[in-house]
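Fold and contact review
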Amino acid sequence: MRTSLLPLAHMLRARLARVPRLGGLAPSDPRQLARRSWELAPGSEAVTPPAYFLPGQLERVRGWAFSEEHPRHAMLGGLHVLHGPARAYLLEDVWLIDGVLYKGRACAHLSPRRSRVPHLHVRAELDHAAIYCTAAGNRWFGQWLMDDCPSYFLAREHGTALTTAMPDHHAPHAPDYERRLGMTPTRLRSAFLRQALLFSDVGQNPDKHRRFRAMSEALLRGSDERSHPGVFIVRGATGERRVLRGELELAERLAARRGLRILDPLRADLETIVRTCAGARAVVGVEGSGLIHGILAMRPGASLLALQPPGRFVGLYKHLTDRDGQHFAFVVGQPEGEDFRIDPDEVERTLDLLPPMPA
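In this report, the structure presented in the accompanying data block is examined. (Residues numbered from 1 in each chain as written. Predicted model: local features only at pLDDT ≥ 70, side-chain atom pairs only at ≥ 80, totals over all residues. Heavy atoms only, no water.)

A closer look at the overall build of the protein
Applicable threshold: Put simply, DSSP marks the helices as runs of H or I at least four residues long and the strands as runs of E at least two long, and each gets a number from the N terminus on. The classification of residues rests on relative accessible area computed with a 1.4 Å probe and restricted to protein chains. Under 20% of the type maximum is buried, over 50% is exposed, and intermediate values are partly exposed. Whether two residues are in contact is decided by their heavy atoms: any pair within 4.5 Å suffices. Only the protein chains shown count as cover for residues, and the accessible areas themselves come from Shrake-Rupley with a 1.4 Å probe.
What the protein contains, in helices and strands, is 11 helices and 20 strands. Counting across all 359 residues of the protein, residues that qualify as buried make up 50%. Restricting the contact set of the protein to residue pairs at least 6 apart, pairs at least 24 apart contribute 78%. Just so you have it, the protein exposes about 16600 Å², and 52% of that area is on carbon and sulfur atoms.

Next up, the structure:
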């Protein structure tokens, strides 16, 4: 058993940092203390394409998430973007305690601590761990599949692929995805790491594209990928609240008039999800993690139509569709109480804007 007082020291620093005269004590990124770092895959440059949407949609947006500014510029396209490289950072003598990574005065909360009283002891010890999980991926299923899972395939090439997430962290689908994708991580919330490899893997560069497409191929292997109009992914009242009033009625209308299949991921196993999404020319649904089921099955030329609440517009998935040669579309709803409603005619008119998939 090993003992470290770093959790107590960081807790004290965090409390002192709230006092203005003692500023500058906030925890830093452990990667800043790496003994060395190197590039695993180069970055790239791109000019973003415009999203597909009807006139007047952006004027409805009253709030947004995962962005510092109104989504107008991102959705209009024409932005010159630099996608960062994938990098590795090697640290020595690192403590992983109750889901938090400590190195000197730096720390990173990979998972929420389970105890208010910090743990000081660890029993496990690893010579070389490659940590691929992130705080965002451990919280949101969509970011786990779009970011953490591709990073796993970097980690397993450079050591023991380590995650702090337990098997049920994104129940019920995460364990099935791991099996289908061939992921066999080591799961630990506490350990002393003689060497720890951390990653910077947020850039949507060609290597990130390659790894994500390899995941798609593994997921779809053996599935019937004959083209069909698309799939409507039901969100319901799951996750952070953004309830679409009349969601099922909209799904049924699109099924009857447009031939879309209806998928409720919480009522389906992974085999059903893959079978339903394979071959879809369009994936439609309320913006959120549930859409990633369809995105991972989308082929180049397919389209994603995100139904956006006016108070919480999110354009993260456009980064993926831009990178993978797909199309991003959206309809912004109107507020109705604490929820929102979407005009079905606007959804159909937006579907009509989408370019056909290449033969």
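Read on, since the account is not over.
Details of helix α6 (residues 206-220)
Operational definition: Expected span of a helix: the number of residues minus one, times 1.5 Å. Counted as a polar contact is a pair of N or O atoms within 3.5 Å, where, for protein atoms, one must be capable of donating a hydrogen and the other of accepting one, and residues adjacent in sequence contribute only when both atoms are in side chains.
Compared with the 21 Å implied by 1.5 Å per residue over 15 residues, the 21 Å span of α6 between its first and last C-alpha is a close match. Considered for burial, the residues of α6 that qualify are Asp 207, Lys 208, Arg 211, Phe 212, Arg 213, Met 215, Ser 216, Ala 218, Leu 219 and Leu 220. For α6, the N-terminal capping position is held by Asn 205, with its side-chain oxygen 3.1 Å away from the main-chain nitrogen of Asp 207. One or two steps after α6, the chain reaches Gly 222, where phi turns positive at roughly 85°.

Considering the sheet that holds strand β17 (residues 303-308)
Applicable threshold: Here, any two strands with at least 2 DSSP bridges between them count as paired. Only the contacting stretch of a helix is used when fitting its axis, a line to C-alpha atoms as for every element, and angles between N-to-C directions run 0 to 180 degrees.
The strand order across the open sheet formed by 5 strands is β15-β13-β16-β17-β18, and the pairing between neighbours is parallel. Whereas interior strands pair on both sides, the edge strands pair on one side only; in this sheet they are β15 (261-263) and β18 (327-332). Sheet twist, expressed as the average angle between the axes of neighbouring strands with direction ignored, equals 20°. Relative to the sheet, helix α8 (residues 270-277) contacts β13 (231-233) and β15, its axis offset from that of β15 by approximately 155°. Contacts between helix α11 (residues 344-353) and the sheet are confined to β16 (282-286), β17 and β18, with β18 contributing the most and set at about 160° to the helix.

Comments concerning the sheet that holds strand β20 (residues 339-341)
Across the sheet, which stays open at both edges, the 3 strands sit in the order β14-β20-β19 with mixed pairing between neighbours. Each having just a single partner strand, β14 (244-245) and β19 (334-336) make up the two edges of the open sheet. Bridge count for β14 against β20 is 2 bridges, and the pairing is parallel. Across the sheet, the residue bridging to Leu 244 is Phe 340, located in β20.

Describing the packing of aromatic side chains
Stated formally: To pair, rings of Phe, Tyr and Trp, with the six-membered ring standing in for Trp, must have centres within 6.5 Å; the planes then decide the type, stacked if under 30 degrees apart, edge-to-face if over 60, and tilted in the middle. The criterion for a charge sitting over a ring is simple: Lys NZ or Arg CZ within 6 Å of the ring centre, and within 35 degrees of the ring normal.
Scanning the model with the defined rule gives 8 aromatic pairs in all. Residues Tyr 132 and Tyr 152 carry aromatic rings whose centres are separated by 5.3 Å and whose planes lie at 80° to one another, so their mutual orientation is edge-to-face. A residue pair is termed long-range when its members are at least 10 positions apart, and Tyr 132 in the loop between β9 (125-131) and α3 (135-139) and Tyr 152 in helix α4 (residues 141-155) qualify at 20 residues. Taking the relative accessible area as the measure of exposure, Tyr 152 reaches 2% and is therefore buried. Summarising the aromatic geometry, the rings of Phe 141 and Tyr 177 are spaced 5.9 Å apart at their centres and angled 55° between planes, so their arrangement reads as tilted. With Phe 141 in helix α4 and Tyr 177 in helix α5 (residues 174-181), this residue pair connects regions lying 36 residues apart in the sequence. By relative accessible area, which is 0% here, Tyr 177 ends up buried. In this structure, Arg 36 is placed above the aromatic ring of Trp 38, and the distance from its NZ or CZ to the ring centre is 4.2 Å. Arg 323 extends its terminal NZ or CZ atom over the ring of Phe 212, reaching a point 4.8 Å from the ring centre.

Some words on the packing of α5 against α6
To be explicit about the condition: Any angle that is under 35 degrees is reported as roughly parallel, and any over 145 degrees as roughly antiparallel; angles of 65 to 115 degrees are reported as roughly perpendicular and all others as oblique. Asp, Glu, Lys and Arg are counted as charged, while Ala, Val, Leu, Ile, Met, Phe, Trp, Tyr, Cys and Pro are counted as nonpolar; the rest, among them Gly, fall into the polar class.
For the pair α5 and α6, interaxial distance at closest approach is 9 Å and the crossing angle is 95°. With respect to α6, the element α5 is oriented roughly perpendicular. Residues Tyr 177, Arg 180 and Leu 181 of α5 touch α6, and the partners they reach there are Met 215, Ala 218 and Leu 219. Taken together, the residues of the contact of α5 with α6 break down into 5 nonpolar, no polar and 1 charged.

Details of the pattern of salt bridges
Side-chain pairing between opposite charges can occur once the charged atoms of the two side chains come close. Quick reminder of the rule: Salt bridges are defined as contacts in which a side-chain nitrogen from Lys or Arg sits within 4 Å of a carboxyl oxygen from Asp or Glu.
Within this structure, the stated rule accounts for 31 salt bridges. In this structure, Asp 207 engages Arg 211 in a salt bridge whose closest nitrogen and oxygen atoms are separated by 2.8 Å. Here Arg 211 and Asp 207 lie together in helix α6, a separation of 4 residues that amounts to about one turn. Among the residues examined, Asp 207 registers a relative accessible area of 17% and is labelled buried. For Arg 211, a relative accessible area of 3% puts it in the buried group. The salt bridge involving Glu 217 is made with Arg 299; its shortest N-O contact spans 2.6 Å. Of this pair, Glu 217 sits in helix α6 while Arg 299 sits in the loop between α9 (292-297) and β17; the two residues are 82 residues apart in sequence, bridging distant segments of the chain. The class of Glu 217 is partly exposed, set by a relative accessible area of 40%. Because the salt bridges share partners, they merge into one network encompassing Arg 253, Arg 257, Arg 258, Asp 345, Glu 348 and Asp 352.

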